[in-house]
Structures are given as C-alpha cells and as structure tokens.
Amino acid sequence: GENVEQHPSTLSVQEGDSAVIKCTYSDSASNYFPWYKQELGKRPQLIIDIRSNVGEKKDQRIAVTLNKTAKHFSLHITETQPEDSAVYFCAAKGTGAGNMLTFGGGTRLMVKP
Amino acid sequence: KAGVTQTPRYLIKTRGQQVTLSCSPISGHRSVSWYQQTPGQGLQFLFEYFSETQRNKGNFPGRFSGRQFSNSRSEMNVSTLELGDSALYLCASSLAPTGQNEKLFFGSGTQLSVL
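Rules used in this analysis
- Residues numbered from 1 in each chain as written.
- Chains lettered and ligands numbered in written order.
- Predicted model: local features only at pLDDT ≥ 70, side-chain atom pairs only at ≥ 80, totals over all residues.
- Heavy atoms only, no water.
- Helix = DSSP H or I, 4+ residues; strand = E, 2+ residues; numbered from the N terminus.
- Rg over C-alpha atoms; globule rule 2.2 N^0.38 Å.
- Buried < 20%, exposed > 50% of the residue type's maximum accessible area, 1.4 Å probe, protein only.
- Contact = heavy atoms within 4.5 Å.
- Areas by Shrake-Rupley, 256 points an atom, 1.4 Å probe, with all protein chains shown as cover.
- Lys, Arg positive; Asp, Glu negative; His and termini not counted.
- Charge placed at Lys NZ, Arg CZ, Asp CG, Glu CD.
- Pairing = 2+ DSSP bridges.
- Axes fitted to C-alpha atoms, helices over the stretch in contact; angles between N-to-C directions.
- Buried area = accessible area lost by both parts, 1.4 Å probe.
- Salt bridge = Lys/Arg side-chain N within 4 Å of Asp/Glu carboxyl O.
- Core = buried A, V, L, I, M, F, W, Y, C linked by side-chain atoms within 4.5 Å.
- Phe/Tyr/Trp six-rings, centres within 6.5 Å; stacked < 30°, edge-to-face > 60°.

(A) Molecular detail of the overall build of chain B. Tallying secondary structure elements over chain B gives zero helices and eleven strands in all. Relative to the globule expectation of 13 Å for 115 residues, the C-alpha radius of gyration of chain B, 13 Å, shows essentially globular dimensions. Looking at chain B as a whole, 50% of its 115 residues qualify as buried. At a minimum sequence separation of 6, the contacts of chain B that also span at least 24 residues come to 54%. With an accessible surface of roughly 5300 Å², chain B has 48% of that area assigned to carbon and sulfur atoms. Positive and negative side-chain charges of chain B, numbering 11 and 6 respectively, have mean locations separated by a distance of 5 Å.

Encoded structure:
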C-alpha cells in the first residue's frame, strides 16, 4: 500500500519568513495530493490540493509543487503569520476503488512573532 | 449546511469494554472515512464507506469495525478495548471517494480514553 513520509516533524520560523514542508510517497500510481491544516484543538481542514497532471498550484500565500518522477511534493508558505501556526498534514491517494487517502505524520509549524 | 457531526465528544471506558462512535456526514455526502489520531502518529486510516459498502480498510485489528446506514450516517465500534486505543477518532465525509469530489470535511472527533 501507499506510504507517505513527511519532513520535518516540527518547524519554527520567524514571522514573515517562508516555510517549506516536504512529503514523499511510494505508490507511483498516486494522483491526488491534498494538504490539511489542523489548528490546536480544531478539526483538520483542506487548504490546498494538487493532481498529478499539474506541477504546481498556488493560492495566495500557499503553493504546492509536485515532482512525479521523484515522487515527492512540497507545501510552501510565504510571508508566514502567527495564524499559520498549526499542524500540517500531507496525503496521497491513487486512482480507482480500493485506493485510500494515506496521510503523512504531520508537521508542527510554529510562527514566532 | 450543517457540518460533520460526531457523537459523543468525549468517552471514558475501561479495558475490555466496547464502544460505539457515531458520525453524521454533511447532507448529500455519501462517503465517510474514519481516522485514528494519536500524538506523534498522525492520522491513521481505519476504514471508508460509500453507499453502505466498505471500500477500504486500514491496518487495524478486527476489534475495529464499522458500518454505514442508508442515510449515510456511520458508526464505528471497538470491542475489547485496550489502553492503546486511547485516541481522538475523526470522521470525515465527502461527496464521493474519487474524482473531483474527494475533499474531506472532518468532524470535531470523539476523544476516547481507556483506563
């Protein structure tokens, strides 16, 4: 089955700096890669996703890049703000029935004001 | 629209007991997935249901089971509870499990403590 590795497990940045979180996946058939943000004590929420037919997707200060050959994808947050502090989870999923969404271990991002 | 509703919010049980957790998806969503969240372990997939059928099952022992009803509501049952089952159990719904409707909407979770 799919295996998703996420790094780093914790990341501390200064407000205004950029943050990058990286994930690798094992199943070359995976074609859907979402990122979820979970603030302390709250439920995970989708912040951005990408499919294997594109290499990059942006939404304001966040972007995701995908390298299918190397089987890794990354989340980039620019101009970080204190409200970006949360746990971020990457995930990967293949096509068709029988393929489930597999999450990485999570990255705790702390943005220091 | 109401969000995903999970009940109860908190549960305290003792070893050997069984427990049933409930999840009501967003109206119109037919896919429900369950995840176990523990500190340091991220989100571990338990199972996924779509139209009352189990599509996938994660690597958990047979003590963990689930079902989905015709109104898409889902229940998860854990029998013979162990201390290691203490965790936050999250349910998530989506319109469909594949294609363009895969976005998961999570509930607030049920915090299970096994003493």
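(B) Looking closely at the overall build of chain A. Along its length, chain A carries zero helices and eleven strands. Along its sequence from the N terminus, chain A presents helices and strands in the succession β-β-β-β-β-β-β-β-β-β-β. A compact globule built from 113 residues would reach a C-alpha radius of gyration of about 13 Å, and chain A, at 14 Å, matches this within 12%. In terms of its C-alpha atoms, chain A occupies a principal-axis envelope of roughly 45 × 30 × 20 Å. Buried positions account for 44% of the 113 residues belonging to chain A. Residue pairs in contact within chain A that sit at least 24 positions apart in sequence constitute 54% of those at least 6 positions apart. Put simply, chain A shows about 5600 Å² of open surface, and 47% of that area lies on carbon and sulfur atoms. Computed over 13 positive and 12 negative side-chain charges, the inter-centroid distance for chain A is 4 Å.

(C) Structural context of the sheet that holds strand 8 (residues 74-78) of chain B. Residue and element names in this part refer to chain B. Judged by pairing direction, the sheet is antiparallel, and its four strands sit side by side in the order 1-3-8-7 without closing on themselves. Unpaired on one side and paired on the other, strand 1 (5-7) and strand 7 (64-68) mark the two borders of the sheet. The average angle at which neighbouring strand axes cross in this sheet is 15°, direction not considered. Relative to strand 8, strand 7 is paired through five bridges, and the arrangement is antiparallel. Counted as the bridge partner of arginine 67 is glutamate 75 from strand 8.

(D) Seen up close, the interface of chain B and chain A. Taken together, the contact pairs 21 residues of chain B with 17 residues of chain A. Of the roughly 1700 Å² buried where chain B meets chain A, counting both sides, 50% is carbon and sulfur surface. Among the residues chain B hides against chain A, the three largest losses belong to Leu43, Glu102 and Phe106 of chain B. Together they make up 30% of the total. At the surface where chain B touches chain A, the tally comes to two salt bridges.

(E) Highlighting the pattern of salt bridges. A full pass over the atoms with the stated rule returns ten salt bridges over all chains. Across the pair glutamate 39 of chain A and lysine 37 of chain A runs a salt bridge, and its minimum N-O distance is 3.8 Å. For glutamate 39 of chain A, a relative accessible area of 31% translates into the label partly exposed. As a salt-bridge pair, lysine 93 of chain A and glutamate 102 of chain B come within 3.4 Å of each other at their nearest N and O atoms. Placement of the pair is lysine 93 of chain A in the loop between strand 9 (86-92) and strand 10 (102-103) and glutamate 102 of chain B in the loop between strand 9 (87-94) and strand 10 (105-106), with the two residues belonging to separate chains. Of the two residues examined, lysine 93 of chain A and glutamate 102 of chain B, each falls in the buried class. Via salt bridges that share partners, Arg51 and Lys93 of chain A together with Glu102 of chain B belong to a single interconnected network.

(F) Structural context of the nonpolar core. Counting residues in hydrophobic clusters, the biggest one holds 23 residues, and the most contacted among them are Trp35, Phe73 and Leu109 of chain A. Breaking this core down by element, the ones donating at least two residues are strand 2 (10-14), strand 3 (19-25), strand 4 (32-38), strand 5 (45-51), strand 7 (62-67), strand 8 (72-77), strand 9 and strand 11 (107-112) of chain A. Counting 21 residues, the second largest nonpolar core, distinct from the first, contains Leu21, Val78, Ala87 and Tyr89 of chain B.

(G) View of the packing of aromatic side chains. All names here are of chain A. In the structure shown here, the tally under the stated rule is 13 aromatic pairs over all chains. Seen from their ring centres, tryptophan 35 and phenylalanine 73 are 5.6 Å apart, and the 70° between their planes marks the pair as edge-to-face. Here phenylalanine 73 lies in strand 8 and tryptophan 35 lies in strand 4, a separation of 38 residues in the sequence. Residue class for phenylalanine 73 comes out buried when judged on its relative accessible area of 0%.

All we've got here are geometric facts, nothing functional implied.
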